[in-house]
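Per-entry structural report
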Amino acid sequence: VMTDTQEETDRYWNAIVSNGGEASACGWCKDRWGISWQITPRVLMDAMAAGGAEAKRAFAAMMEMGKIDIAKIEAARRG
C-alpha cells in the first residue's frame, strides 16, 4: 500500500496490526488472516529512485524500522 503522509501510513498500519495482525520489519505487517502487507510511504520510494548515497542512507534507516517513519526517512535522505 503506497501512502503519502505519516497519518495515512499510521492509519493503514494501525488498522492491520491492532485488529489481530502482527507487526514486522521494513514496513511489513500481517493481517489477522496471515496476509502480508507492506505499508510504504512514497517518500521512501522516491529516495530509492534517487539512487546513490541518498538511497543507501534511506535504505539503512528503513532497515531499523517496523512501521516506516517518514520524518526519519527524510532526515536520512538529507544526510
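Scroll up for the structure.
The structure reproduced in this document is the subject of the present report.

A few words now on the environment of Trp 28. Mapped onto the elements of the fold, Trp 28 is located in strand S3 (residues 28-30). Through-space distance from the C-alpha of Trp 28 to that of Met 65 is 9.7 Å; in sequence the pair is 37 residues apart. Excluding residues that lie within four positions of it along the chain, Trp 28 makes contacts with Trp 13, Ala 23, Ser 36, Trp 37 and Gln 38.

Quick look at the side chain of Thr 3 now. Inspection of the secondary structure puts Thr 3 in strand S1 (residues 2-3). Since its relative accessible area comes to 0%, Thr 3 is described here as buried. In this view, Thr 3 contacts Glu 8, Thr 9, Tyr 12, Ile 39, Thr 40, Pro 41 and Arg 42; residues no more than four positions away in its chain are not counted.

The next thing to look at is the packing of aromatic side chains. Applying the stated criterion across every chain, the model contains zero aromatic pairs. Above the face of the Tyr 12 ring, Arg 11 is positioned so that its terminal group lies 5.0 Å from the ring centre.

This next bit is on the pattern of salt bridges. Evaluation of the coordinates by the stated rule reveals three salt bridges. Residues Arg 42 and Asp 4 are paired through a salt bridge, measuring 2.6 Å at the closest nitrogen-oxygen approach. In this pair, Arg 42 sits in helix H2 (residues 42-50) while Asp 4 sits in the loop between S1 and helix H1 (6-17), placing the two residues 38 residues apart along the sequence. The exposure class assigned to Asp 4 is exposed, which follows from its relative accessible area of 52%.

A sheet is described by the order of its strands in space; here three strands give the open sequence S2-S3-S4, paired in antiparallel fashion. A strand with exactly one partner marks an edge of an open sheet, and here the two such strands are strand S2 (22-23) and strand S4 (36-38). Bridge analysis of S3 against S4 gives three bridges, and the strand direction is antiparallel. By the bridge assignment for S4, Cys 29 is matched with Trp 37.

So, about the side chain of Thr 40. Considering the arrangement of structural elements, one finds Thr 40 in strand S5 (residues 40-41). The class for Thr 40 is buried, based on a relative accessible area of 7%. Not counting residues up to four positions away in its chain, the partners in contact with Thr 40 are Val 1, Met 2, Thr 3 and Met 45.

Residue pairs three or four apart in sequence face the same way in an α-helix, which turns once every 3.6 residues. With 12 residues, helix H3 (residues 52-63) extends 17 Å from end C-alpha to end C-alpha; this agrees with the ideal 16 Å at 1.5 Å per step. Along H3, the residues classified as buried are Ala 55, Ala 58, Ala 61 and Met 62. One side of H3 holds all its buried residues, which, seen down the axis, span an arc of 130°. Away from the buried face of H3 by more than 90 degrees, exposed residues Gly 52 and Lys 56 are located. Along its buried surface, H3 packs onto H2 and helix H4 (70-78).

What counts as what
Residues numbered from 1 in each chain as written. Predicted model: local features only at pLDDT ≥ 70, side-chain atom pairs only at ≥ 80, totals over all residues. Heavy atoms only, no water. Helix = DSSP H or I, 4+ residues; strand = E, 2+ residues; numbered from the N terminus. Contact = heavy atoms within 4.5 Å. Buried < 20%, exposed > 50% of the residue type's maximum accessible area, 1.4 Å probe, protein only. Phe/Tyr/Trp six-rings, centres within 6.5 Å; stacked < 30°, edge-to-face > 60°. Lys NZ or Arg CZ within 6 Å of the ring centre and 35° of its normal. Salt bridge = Lys/Arg side-chain N within 4 Å of Asp/Glu carboxyl O. Pairing = 2+ DSSP bridges. Expected span 1.5 Å × (residues − 1). Arc of directions from axis to C-beta.

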